[in-house]
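# Tertiary structure, described
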Amino acid sequence: MAAHRLGTERMIYAMSPLNLPALQVASGDTVVVETADCFENQVQSETQPFVAIDWEHVNPATGPIYVQDAAPGDLLAISIERIETADHGVMTTGPEMGVFGDELAESTIRIVPIVDRTVKLLDHAYPCRPMIGVIGTAPRESAVPNGTPGEHGGNMDCKLIGQGATLVLPVEVPGALLALGDLHAVMGDGEVCSTGVEMAGEVTLRLRVLKGRDLPAPFLVDSEQAATIASRPTLDEAANAAAKSMAHWLQRQTPLSVAEIAILLSAKGDLRICQVVDPLKTARMEIHRSVLEDLGIRLEDLARV
Ligand code: CA
Ligand code: CA
């Protein structure tokens, strides 16, 4: 199993089947990926003019990475082994941004120090829970801007996509063409002001091609739970799609009826918001691993227990 490194000299702004690979790896290889923050590190001061940000250079993703042997119809398992934090992050909000955009008269920038995996925010310290905002494979047909989430992943802003988790994405083009960026030192469900604690960083990933495996995608497994993730024009649609993605998979994996699965998810599943601020909204359906194990579904190969 080889180890690779990919720096920010190769970044893309849309997930596209036409992107040229920045790196080729084999299934099972480990890659250390450096990422710029969602503003491509343009925001470095709380007093700089917000209007000076070049919006053509936001949400950069490092890559894409071509995984040998990944063919359309396969799945790509991305195990996130480590996320190194930067020494600071950035938060912004303002008119037209996020849930409070209609109440804000001007833009605000906060530079957030990160020391010993703790963020210093509004005079208080909070633990980092580093996560990946943008991570996706190339869609089959046309390019999707990195700011938009979808079936291919992209800007899902799901806070479970962090250390120790394995994310499963579809392979729609040869090599999968994985790219990632938009790290957050910490983010709450919803990302209501339109940013997490945006930071540059370094992510250690192990990539594996899964062939002939029946899993939903995007799908996430960590030491606690499994989750299906879905993005749609409205939060209602995203929530329904995430729940149905989990239910339809359980229907294929178990002898349970639709009604029984509905009852089980209603009693033991948690339907949560990922984000409400991107062009499509994202939700996830979580179910604890112990509930899956009771059904005879074991996912040890996808995440450390
Ligand atoms: Ca994002
Ligand atoms: Ca972000």
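What counts and how
Residues numbered from 1 in each chain as written. Chains lettered and ligands numbered in written order. Predicted model: local features only at pLDDT ≥ 70, side-chain atom pairs only at ≥ 80, totals over all residues. Heavy atoms only, no water. Donors = N, O, S within 2.8 Å, 3.2 Å for Na, K, Ca; no water. Helix = DSSP H or I, 4+ residues; strand = E, 2+ residues; numbered from the N terminus. Buried < 20%, exposed > 50% of the residue type's maximum accessible area, 1.4 Å probe, protein only. Patch = residues over 30% accessible without salt bridge, like charges linked within 9 Å, V, L, I, M, F, W, Y side chains within 5 Å. Areas by Shrake-Rupley, 256 points an atom, 1.4 Å probe, with all protein chains shown as cover. Salt bridge = Lys/Arg side-chain N within 4 Å of Asp/Glu carboxyl O. Axes fitted to C-alpha atoms, helices over the stretch in contact; angles between N-to-C directions. Parallel < 35°, antiparallel > 145°, perpendicular 65-115°, else oblique. Left-handed = near helix turned anticlockwise from the far one by under 90°. Contact = heavy atoms within 4.5 Å. Nonpolar A, V, L, I, M, F, W, Y, C, P; charged D, E, K, R; others polar.

### A look at the coordination of the calcium ion (ligand 1)
Coordination of the calcium ion (ligand 1) by the protein comes from Asn 155 (OD1), Asp 157 (OD), Asp 157 (OD) and Asp 182 (OD), over a distance range of 2.2 to 2.5 Å. Going along the chain, you hit the donors of the calcium ion (ligand 1) in the pattern N-x1-D-x24-D. Separating the calcium ion (ligand 1) from the calcium ion (ligand 2) is a gap of 3.4 Å, bridged by Asp 182, which donates to each. A residue pair is termed long-range when its members are at least 10 positions apart, and Asn 155 in strand β15 (residues 153–155) and Asp 182 in strand β17 (residues 178–184) qualify at 27 residues. What makes Asn 155 buried here is its relative accessible area of 3%. On the basis of relative accessibility, which here comes to 3%, the residue Asp 182 falls in the buried class.

### Here's the deal with the coordination of the calcium ion (ligand 2)
Geometrically, a metal with four donors at the corners of a regular tetrahedron has ideal angles of 109.5 degrees, and one with six donors at the corners of a regular octahedron has ideal angles of 90 or 180 degrees. In this structure, Asp 182 (OD), Asp 182 (OD), His 184 (NE2), Glu 198 (OE) and Glu 198 (OE) serve as the protein donors to the calcium ion (ligand 2), at separations of 2.2 to 3.1 Å. On the accessibility criterion, Glu 198 (2% relative accessible area) is buried.

### Looking at a nonpolar patch on the surface
Nonpolar side chains collect at one region of the surface, where Val 99, Phe 100 and Val 192 lie side by side and expose about 240 Å² of accessible area between them. Along the polypeptide, Val 192 turns up in the loop between β17 and β18 (198–199). Classification of Val 192 as partly exposed rests on a relative accessible area of 39%.

### Side note on the packing of helix α1 (residues 235–253) against helix α2 (residues 258–268)
Contact geometry for α1 and α2: axes closest at 10 Å, N-to-C directions at 130 degrees. One way to sum up the angle between α1 and α2 is to call them oblique. Here α1 and α2 pass one another in a crossing that is right-handed. Contact residues: Ala 243, Met 246, Ala 247, Leu 250 and Gln 251 in α1; Val 258, Ile 261 and Leu 265 in α2. Grouping the constituent residues of the contact of α1 with α2 by class yields seven nonpolar, one polar and no charged.

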